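In case you want the letters, here they are:
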Amino acid sequence: MSNRLAIFDCDGTLVDSQRNICLAMERAFEGAGLAPPPREATRRVVGLSLVEAMRTLLPDAEPERHAVLAEDYKRAFTAMRSAGTVHEPLYEGIADTIATLDAAGWLLGVATGKSDRGLKFVLESHGLTDRFVTLHTADRHPSKPHPAMLEACMADAGAAPDTSAMIGDTTFDMAMARAADILAVGVAWGYHDAHELKAAGAHIVIDDPADLAAVLKEIP
């Protein structure tokens, strides 16, 4: 039998990090002499790999500019973290939901556009590192919605598509779940709204983390 695996996105699903992301994006653009994107535009690309996010924000720029801006963003975020100004709180109810699923025998994973370093920082900050058996980031995989991260999570955990679920807040998460042929659970507290999540393929959208355990009971 395959293990049951619940795979979470990070930004906008586990933690509210939009202020940090927007500030780092603004500093990267300003440092390059560019007008920073509106914060709503930045919110729209959360979840993509950095180079893909820059390509979306500056579609007419050269690939080299996208790569440079991605590195500038990383440096800006690292400087903020070193200064102790990065605050990425868990959404209310997330810690309890993770504990509930863990106690019910679910294996837990993360598939995120965050870097390995950024994900490690978040999990350690909230004492959640030991809760997750598989962690995959954009550092080692193609950008969402490519299913590579989910396929790697399932391989690590000994899970199959019919015993796995992806929980995320963006259309990229839902499209990735569909590409991997697993249950796509959208969350309404993140960066894309419920209508967009459903249009992107969400099987269900939940409004509260406490609702997740009941949704996942449908998986044998």
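Above this text is the structure in question.
What to know about the sheet that holds strand β3 (residues 134–137)
Through backbone hydrogen bonds, the strands of a sheet pair up, either in parallel or in antiparallel fashion. The six strands lie next to each other as β3-β2-β1-β4-β5-β6, forming an open sheet whose pairing is parallel. One side of each edge strand has no neighbouring strand; the edge strands of this open sheet are β3 and β6 (204–206). Adjacent strand axes in the sheet meet at a mean angle of 20°, parallel and antiparallel pairs treated alike. Lying over the sheet, helix α6 (residues 116–125) contacts β2 (107–112) and β3, oriented at roughly 140° with respect to β3. The strands touched by helix α7 (residues 148–157) within the sheet are β1 (3–8), β2, β3 and β4 (159–168), with β3 carrying the most contacts at an inclination of about 160°.

A word on the packing of aromatic side chains
Per the counting criterion, the structure on display carries three aromatic pairs. Note on Y73 and F77: the rings are 5.9 Å apart at their centroids and 40° apart in plane angle, and the pair reads as tilted. Note that Y73 and F77 are positioned in helix α4 (residues 63–82) at a spacing of four residues, about one turn of the helix. Side by side, Y73 and F77 carry an identical accessibility label, which is buried. Ring centres 6.4 Å apart and planes at 55° place the aromatic pair Y91 and W189 in the tilted group. Taken together, the residues Y91 in the loop between α4 and α5 (94–103) and W189 in the loop between β5 (183–187) and α9 (194–199) connect sequence positions 98 residues apart. Exposure class is identical for Y91 and W189. Each is buried. Against the face of F121 rests R81, its NZ or CZ located 5.0 Å from the ring centre.

Comments concerning the pairing of β3
Where β2 meets β3, four bridges bridge the pair, whose relative direction is parallel. Among the inter-strand pairings, G109 is bridged to a residue of β3, identified as T134.

Considerations on the packing of α7 against helix α8 (residues 171–180)
Their axes nearest at 8 Å, the elements α7 and α8 cross at an angle of 60°. One finds that α7 runs oblique with respect to α8. Handedness of the α7/α8 crossing: right-handed. From α7, M149, L150 and M154 reach across to α8, where they touch M176, A177 and A180. Partitioning the contact of α7 with α8 into residue classes produces six nonpolar, no polar and no charged.

Quick notes on unusual backbone geometry
Geometrically, the link from K144 to P145 is a cis peptide bond, its omega value of 10° lying close to zero. With respect to the secondary-structure elements, P145 resides in the loop between β3 and α7.

Overview of the nonpolar core
Grouped together as the largest cluster of nonpolar side chains are 47 residues, with contacts concentrated most on F8 and F132. Per element, the largest residue contribution to this core is six residues, and it comes from helix α1 (residues 18–31). Beyond its immediate chain neighbours, meaning those up to four positions away, F132 contacts F8, L14, I98, L108, G109, V110 and L123. I7, A111, A180 and I182 belong to the second-largest nonpolar core, a separate cluster that totals 19 residues.

Digging into α1
For α1, which comprises 14 residues, the first-to-last C-alpha distance of 20 Å matches the rise-based estimate of 20 Å (1.5 Å per residue) to within 8%. For α1, the full list of buried residues reads N20, I21, C22, L23, A24, M25, E26, A28 and F29. Buried residues along α1 sit against α2 (39–45), α3 (50–57) and α4. Positioned one or two residues after α1, G33 has a phi angle of 75°, which is positive.

Thoughts on a negative patch on the surface
A cluster of like negative charges, contributed by E92, D207, D208 and D211, occupies part of the molecular surface. Note that D211 resides in the loop between β6 and α10 (212–216).

Considerations on the layout of surface pockets
Taken as a whole, the largest pocket spans an internal volume of roughly 520 Å³. In terms of lining residues, the largest pocket is bounded by 28 residues, among which L50, Y73, G113, K114 and S115 are the most central. Only α1, α2, α3, α4 and α6 provide two or more residues apiece to the lining of the largest pocket. If you tally residues by element for the lining of the largest pocket, the top one is α4, at eight residues. Grouping the amino acids of the lining of the largest pocket by side-chain chemistry returns 13 nonpolar, seven polar and eight charged.

What counts and what doesn't
- Residues numbered from 1 in each chain as written.
- Predicted model: local features only at pLDDT ≥ 70, side-chain atom pairs only at ≥ 80, totals over all residues.
- Heavy atoms only, no water.
- Pairing = 2+ DSSP bridges.
- Helix = DSSP H or I, 4+ residues; strand = E, 2+ residues; numbered from the N terminus.
- Axes fitted to C-alpha atoms, helices over the stretch in contact; angles between N-to-C directions.
- Contact = heavy atoms within 4.5 Å.
- Phe/Tyr/Trp six-rings, centres within 6.5 Å; stacked < 30°, edge-to-face > 60°.
- Buried < 20%, exposed > 50% of the residue type's maximum accessible area, 1.4 Å probe, protein only.
- Lys NZ or Arg CZ within 6 Å of the ring centre and 35° of its normal.
- Parallel < 35°, antiparallel > 145°, perpendicular 65-115°, else oblique.
- Left-handed = near helix turned anticlockwise from the far one by under 90°.
- Nonpolar A, V, L, I, M, F, W, Y, C, P; charged D, E, K, R; others polar.
- Core = buried A, V, L, I, M, F, W, Y, C linked by side-chain atoms within 4.5 Å.
- Expected span 1.5 Å × (residues − 1).
- Patch = residues over 30% accessible without salt bridge, like charges linked within 9 Å, V, L, I, M, F, W, Y side chains within 5 Å.
- Areas by Shrake-Rupley, 256 points an atom, 1.4 Å probe, with all protein chains shown as cover.
- Salt bridge = Lys/Arg side-chain N within 4 Å of Asp/Glu carboxyl O.
- Lys, Arg positive; Asp, Glu negative; His and termini not counted.
- Charge placed at Lys NZ, Arg CZ, Asp CG, Glu CD.
- 1 Å grid on protein atoms, 1.4 Å probe; cavity = no way out; pocket = protein on both sides within 12 Å on 5 of 7 lines; lining within 4 Å.
- Points joined across faces, edges and corners; volume = space filled by probe spheres on them.

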